[in-house]
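# An overview of the molecular structure
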Amino acid sequence: MEGATLVMAPPESHRDPEALICLIDDYRVTTLHFVPSMLAIWLDVLATFPSDYRRCATLKQVFCSGEALSCQLAHRYEQLIEAPLHNLYGPTEAAVDVTWQPASGEALEKVKGAGVPIGKPVWNTQLHILDAWLRPVPLGAPGELWLSGVQLAQGYYRRPDLTASRFVANPYGNGERMYRTGDIARWLAEGSVEYLGRSDDQLKIRGQRIELGEIEQALLSLPGIAQAAVEAREWPSHTGSGDNRQLVAWLIAVESSEGRAPLDLHAVQLALAARLPAYMVPVRYEQVSQFPLSANGKLDRKALPLPQSGWQRGEMPRTESEQRVAKLFSDLLACEVVYADDDFFALGGHSLLAMHLAVALRRSFGQAVAIGQVMAARTVSQLAALMDGNLQLSAEESRGGGEVLPLRAGQGAALFCFHPASGFAWQYSGLLRYLNGSYPVIGLQSPRPDGVIASAADIDAACDRHLATLRRHQPQGPYYLLGYSLGGTLAHGVAAKLVAMGERVAFLGLLDTWPPEGQDWTGPGEEQAKEEVAREQADFMADSLQESDPYLLAEKQAMFNTIVANYQDAVRLLSQARSAVYPAIATLFMATRTLPEGMDPHNVWAPFVAGLDIYAQDCEHADILSPSTLVKLGPLLNQLLQAARD
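A short tour of the structure in this document, coming up. Note that this is a predicted model, so its numbers are computed, not measured. Numbers given to residues run from 1 along each chain, matching the order in which its sequence is written. Per-residue local features of the predicted model are confined to residues with pLDDT of at least 70, and side-chain atom pairs are confined, for both listing and counting, to 80 or more; whole-chain, interface and lining totals are unaffected and use all residues. In computing side-chain properties, one takes all heavy atoms of the structure into account and sets aside hydrogens as well as water.

## As for the overall build of the protein chain
The following threshold applies: Secondary structure elements are taken from DSSP: a helix is a run of H or I of four residues or more, a strand is a run of E of two residues or more, and numbering for both begins at the N terminus. Under the scheme applied here, a residue whose accessible area is under 20% of the maximum for its type counts as buried, over 50% as exposed, and between as partly exposed, the area being computed with a 1.4 Å probe on protein chains only. By definition, residues are in contact when any of their heavy atoms lie within 4.5 Å. The accessible surface values rely on the Shrake-Rupley method and a 1.4 Å probe; as for residues, cover is taken only from the protein chains in view.
Each helix and strand in the protein chain was counted, giving 20 helices and 24 strands. In the protein chain, buried positions account for 52% of the 646 residues. The contacts of the protein chain with a sequence gap of at least 6 include a subset with a gap of at least 24, amounting to 68%. Of the roughly 29800 Å² of accessible surface on the protein chain, 51% is carried by carbon and sulfur atoms.

Here's what the structure looks like:
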C-alpha cells in the first residue's frame, strides 16, 4: 500500500473497539487490517450504535489475517459495513501475506464451507500442498502447506536447528528453498486454497487421530454459532487412571438486536454427532460472550476458561454395575463420557450393535441377555438394574417382539415407525441419535403368530389394526408417520384413513416405498424369502461375533424363522393390495441404486397422493436405514420433522 497516511493507534487502543471506531471517524481511515477474533468484538460494539449512525463510512477496504475467517463472521460484517472484506494469509517467515481471497459479495456467496478460503497466491509466490513424503496431494485432499518464492526469510536468528527443519530445498524448484508452514490445507476446484487447521492441532486421544480445526469448522456450520474454539483438556475421571483428556468446545452465539441468545448445548452436541465421528464430538461445552485475546489480538487458547463441572446431561454412573455397563457403551460407541441415563440408541447404537452389547453384557455379568432386553432397558441405569435383578421385564419386552416397540419415551405427538416385511421395527433405532426434541418415537411391529402380517386378511385389515393400536397410544392428531418398504404401504394406508376420519396427518414419510399395484408379486418361496432376508439383513443376521454364543445363536435362528414367515405372508398381502388415496403431500426417500430403470416416482405415486416431495438417497433399498446412510438421511429427516412440527 502506498499514497495513504498511516494512523498509529495509541497504546492498547487496538484492543478497544470504541476507541478504534472514534479513530476511524476522526482520521477518516480508509483501510483496516484485523485479526478475526478482534474483528468479531469490533462488530459487536459497532452493532450497538444507533441505527441511523453511518458506520465507519470512510472505509474502502478491510483485511483479515492471522486466524481462520468464518463465513458467519464475514456475513455479519457485510450487514454492518459497506467496504469489501478480504481474507489474507501468510506467516511472518514469508513477509507476510502470501494469499488473498475476497470475503464479501458474490465471492462470499459462492463459498460452500464454514470458513472463507485463504484464496490464491499473490504475485511471485508459489503454494505447495504436500503429503508426508513431499508429494503433491490430489485435488480436495488435505496436506501440509509449503511456500516458496523470493520473499522467504533467510531463517531464524541464531537458530540453525529450527531453520533446517522449516526451510528446506524445494524438490520442484531449481535450487530454491521452500518454507514449511505447519498448516493443513487443500486445493479447491476453482484453484483457491482452503485452510483446515494446524498440523500441531492434530491430537491422538486413546488411539484416535483428531483434527481440532475440523471440529471447529463443523461447529461453525451449525445455526446460531458465530465463533468456536476446541481444545483437549485434562479432566478428572471416575476411574482415576488412563488418558483423561476430553474435548471441550467454547462457543459464541450469533448477535441479534436482542443480544446473544443462550445456546441449547445438548442440541449442539446432537447436531455435531450427526456430522462427525463419535470420538471427535466434544463432551463439554461452554458458551462465552467473548474469547480471551493475546496482546496482538489473537485468540489466547491457554486462557479459555474451563467449563463449569456442573454442566452435564445427567449423573455419572455410581454403582459398580452402572460403571461396567457404561464402559461397555463407551467401548462399543467410542464415547468419551457416558452418563447413567444415557440411551444406547440415542448415542449411536443400532440393531447390529445391540447384538454386540448383548454378548458383551452376557460375558461381563455371566447372565443370558436377549437383544429384546437391550431394546427395552436402553439406558445405563436400566441395564445395570436388569443385571442386578432390580428391574423386571415382561416376556414380550424381553423378546422385543410386541406389537408396540417404544423406541424413545417423551411428550407430545409421537413419531410412529411402521415395520417392513420382516415384522420388526428395530431398524429405526439408529435414527434416535439424529432426532432432536422430546417427542416419543414408537415402533409398530408384527410378532408371530398373531401379528398383523400373519393374521390380517388383506392390507386394508392390516391398516385397520395398526390404526387401532396407534389411536390407543395417541387418540388425536397431529400424526407423524414413517414407514420403510411394506411399512411405507401401511403408513400410507393408515394416513388415508386418519384424514378420512377428520384427523390431521402432519408428516407422512415413505422410505423407498412404492405402490403395490403394477409390481410382480408372483410370490417368492422359502428360498427366495431367505435370499431377500439375507440381502436386507446381512450384517444383522450374519455377524460373526455372536456365532460362538449359543444363547444369541438360538435367538438369531428364532428371529430368522419369524422374518422368513413374515416375508411370505407380506407377499400374500401385497399381491392383492389396492392403495388408498392420501389427499396430501407425502415425502419419499428414494434409494437410487435400486431404482428400476425408467421408473418415474411422480408418475407412479400420482394416483395415490396429492403431491410428492422426493429426496434421493445414494444407497440400495436394503441399506436405507443402515448407519452409513443415516449419516445424511438422519439429519435430513430431523430437519423435515422439525419443520412439520413448527
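## Thoughts on the pairing of strand 3 (residues 85-89)
Condition: Two strands qualify as a pair provided that DSSP identifies no fewer than 2 bridges between them. When the strands point away from the viewer, a crossover counts as right-handed if the route from the first strand across the helix to the second turns clockwise.
Among the 5 residues that make up strand 3, 5 are buried, leaving the element largely enclosed by the rest of the structure. Alternating residues of strand 3 divide into Leu85, Asn87 and Tyr89 and His86 and Leu88, and every residue in both groups is buried. Bridge count for strand 2 (residues 61-64) against strand 3 is 3 bridges, and the pairing is parallel. Pairing of Val62 across the sheet is with Leu85, part of strand 3. A crossover connection joins strand 2 to the parallel strand 3 through helix 3 (residues 71-80); in handedness this β-α-β unit is right-handed.

## A few points about unusual backbone geometry
The omega angle of the peptide bond from Arg448 to Pro449 is 10 degrees, so this bond is cis rather than trans. Its location among the elements puts Pro449 in the loop between strand 20 (441-444) and helix 13 (452-455). For Arg158, which is not glycine, the phi torsion reads 55 degrees and is therefore positive. Within the element layout of this structure, Arg158 appears in the loop between strand 7 (143-149) and helix 5 (160-166).

## Looking at the nonpolar core
Heads up, the condition is: In these notes, a set of buried Ala, Val, Leu, Ile, Met, Phe, Trp, Tyr and Cys residues joined through side-chain atoms within 4.5 Å is what counts as a nonpolar core.
Counting 101 residues, the largest nonpolar core has Leu361, Tyr428 and Leu481 as the members making the most contacts within it. In terms of residues, this core owes the most to one element, helix 9 (residues 351-365), which gives 8 residues. Once residues within four sequence positions are removed from consideration, Leu481 is found in contact with Leu415, Phe416, Phe418, Leu470, Ala491, Val494, Ala495, Leu498, Phe507, Leu508 and Gly509.

## Let's talk about the packing of helix 8 (residues 320-333) against helix 11 (residues 380-387)
Formally: Geometry is summarised by axes, namely lines fitted to C-alpha atoms with helices restricted to the contacting stretch, and by angles between N-to-C directions that run from 0 to 180 degrees. For classification purposes, angles smaller than 35 degrees are called roughly parallel, those larger than 145 roughly antiparallel, those between 65 and 115 roughly perpendicular, and all remaining angles oblique. Should the near helix be turned anticlockwise from the far one by less than a right angle, the crossing is termed left-handed; should it be turned clockwise, right-handed.
Look at helix 8 against helix 11: their axes get within 8 Å of each other, and the N-to-C directions meet at 125 degrees. Relative to helix 11, the element helix 8 lies oblique. In the packing of helix 8 onto helix 11, the handedness of the crossing is right-handed. Mapping the contact onto sequence places Ser321, Glu322, Val325, Ala326 and Phe329 in helix 8 and Val380, Ser381, Leu383 and Ala384 in helix 11.

## Some details on the pattern of salt bridges
Convention followed: One speaks of a salt bridge when a side-chain nitrogen belonging to Lys or Arg is within 4 Å of a carboxyl oxygen belonging to Asp or Glu.
Evaluation of the coordinates by the stated rule reveals 19 salt bridges. Taking the shortest distance from any N to any O, the salt bridge between Glu320 and Arg324 comes out at 4.0 Å. Of this pair, Glu320 and Arg324 are both found in helix 8, 4 residues apart, which corresponds to roughly one turn of the helix. Among the salt bridges present, the one from Lys497 reaches Asp460, with a minimum N-O distance of 2.9 Å. Of this pair, Lys497 sits in helix 15 (residues 486-500) while Asp460 sits in helix 14 (residues 459-473), and the two are 37 residues apart along the sequence.

## Regarding the sheet that holds strand 4 (residues 99-102)
Judged by pairing direction, the sheet is mixed, and its 5 strands sit side by side in the order 1-2-3-4-5 without closing on themselves. For this open sheet the edge positions go to strand 1 (31-34) and strand 5 (120-121), each flanked by a neighbour on one side alone. Pairing geometry for strand 3 and strand 4, over 4 bridges, is antiparallel. The partner of Asn87 across the bridge, within strand 4, is Gln101.

## Details of the pairing of strand 2
Sheet analysis places strand 1 next to strand 2, joined by 4 bridges and oriented parallel. The residue bridging Leu32 from the neighbouring strand is Val62, located in strand 2. As for the winding sense of the linkage, the β-α-β connection from strand 1 through helix 2 (residues 36-46) to strand 2 is right-handed.

## Description of the sheet that holds strand 21 (residues 479-484)
Pairing in this open sheet of 7 strands is mixed, and the strands run 18-20-19-21-22-23-24 from one edge to the other. Looking along the sheet, the strands with just one partner apiece sit at the ends: strand 18 (404-408) and strand 24 (609-617). Here the strands of the sheet are splayed against their neighbours by 20 degrees on average, with no regard to which way each runs. With 4 bridges joining them, strand 19 (residues 415-418) and strand 21 adopt parallel strand pairing. Across the sheet, the residue bridging to Phe418 is Gly483, located in strand 21.

## Examining the side chain of Arg76
In this fold, Arg76 is placed in helix 3. For Arg76, the residues in contact, after removing those within four places along its chain, are Ala40, Leu43, Asp44, Ala47 and Glu255.

## Focus: the packing of helix 2 against helix 3
This is how it is decided: Asp, Glu, Lys and Arg are counted as charged, while Ala, Val, Leu, Ile, Met, Phe, Trp, Tyr, Cys and Pro are counted as nonpolar; the rest, among them Gly, fall into the polar class.
Running from N to C, helix 2 and helix 3 point in directions that differ by 35 degrees, and their axes come no closer than 11 Å. As for the relative orientation of helix 2 and helix 3, their crossing is left-handed in sense. Residue-level inspection shows Pro36, Leu39, Ala40, Leu43, Asp44 and Leu46 of helix 2 in contact with helix 3, the latter providing Leu73, Arg76, Tyr77 and Leu80. Taken together, the residues of the contact of helix 2 with helix 3 sort by class into 8 nonpolar, no polar and 2 charged.

## Here's the deal with the state of the cysteines
How we decide: Pairs of cysteine sulfur atoms within 2.5 Å are what we label disulfides.
Counted under the stated rule, the structure contains 0 disulfides. Counting only cysteine sulfurs, Cys56 is the nearest neighbor of Cys22, a cysteine outside any disulfide, at a range of 9.4 Å. Classification of Cys22 by relative accessible area gives partly exposed; the value is 45%.

## What about helix 20 (residues 627-645)?
Heads up, the rule is: The span expected for a helix works out to 1.5 Å for each residue beyond the first. The term bend refers to the angle at a residue between two fitted axes, each drawn through seven residues, those ending there and those starting there.
Across its 19 residues, helix 20 extends 25 Å between first and last C-alpha, which sits within 8% of the 27 Å expected from 1.5 Å per residue. Remark: the principal bend of helix 20, roughly 40 degrees, maps to Leu633, with a proline, Pro635, within the next four residues. Along helix 20, the positions that sit buried rather than exposed are Thr629, Leu630, Leu633, Gly634, Leu636, Leu637, Asn638, Leu640, Leu641 and Ala644. Check the buried side of helix 20 and you find it contacts strand 19, strand 21, strand 22 (505-511), strand 23 (582-591) and strand 24.

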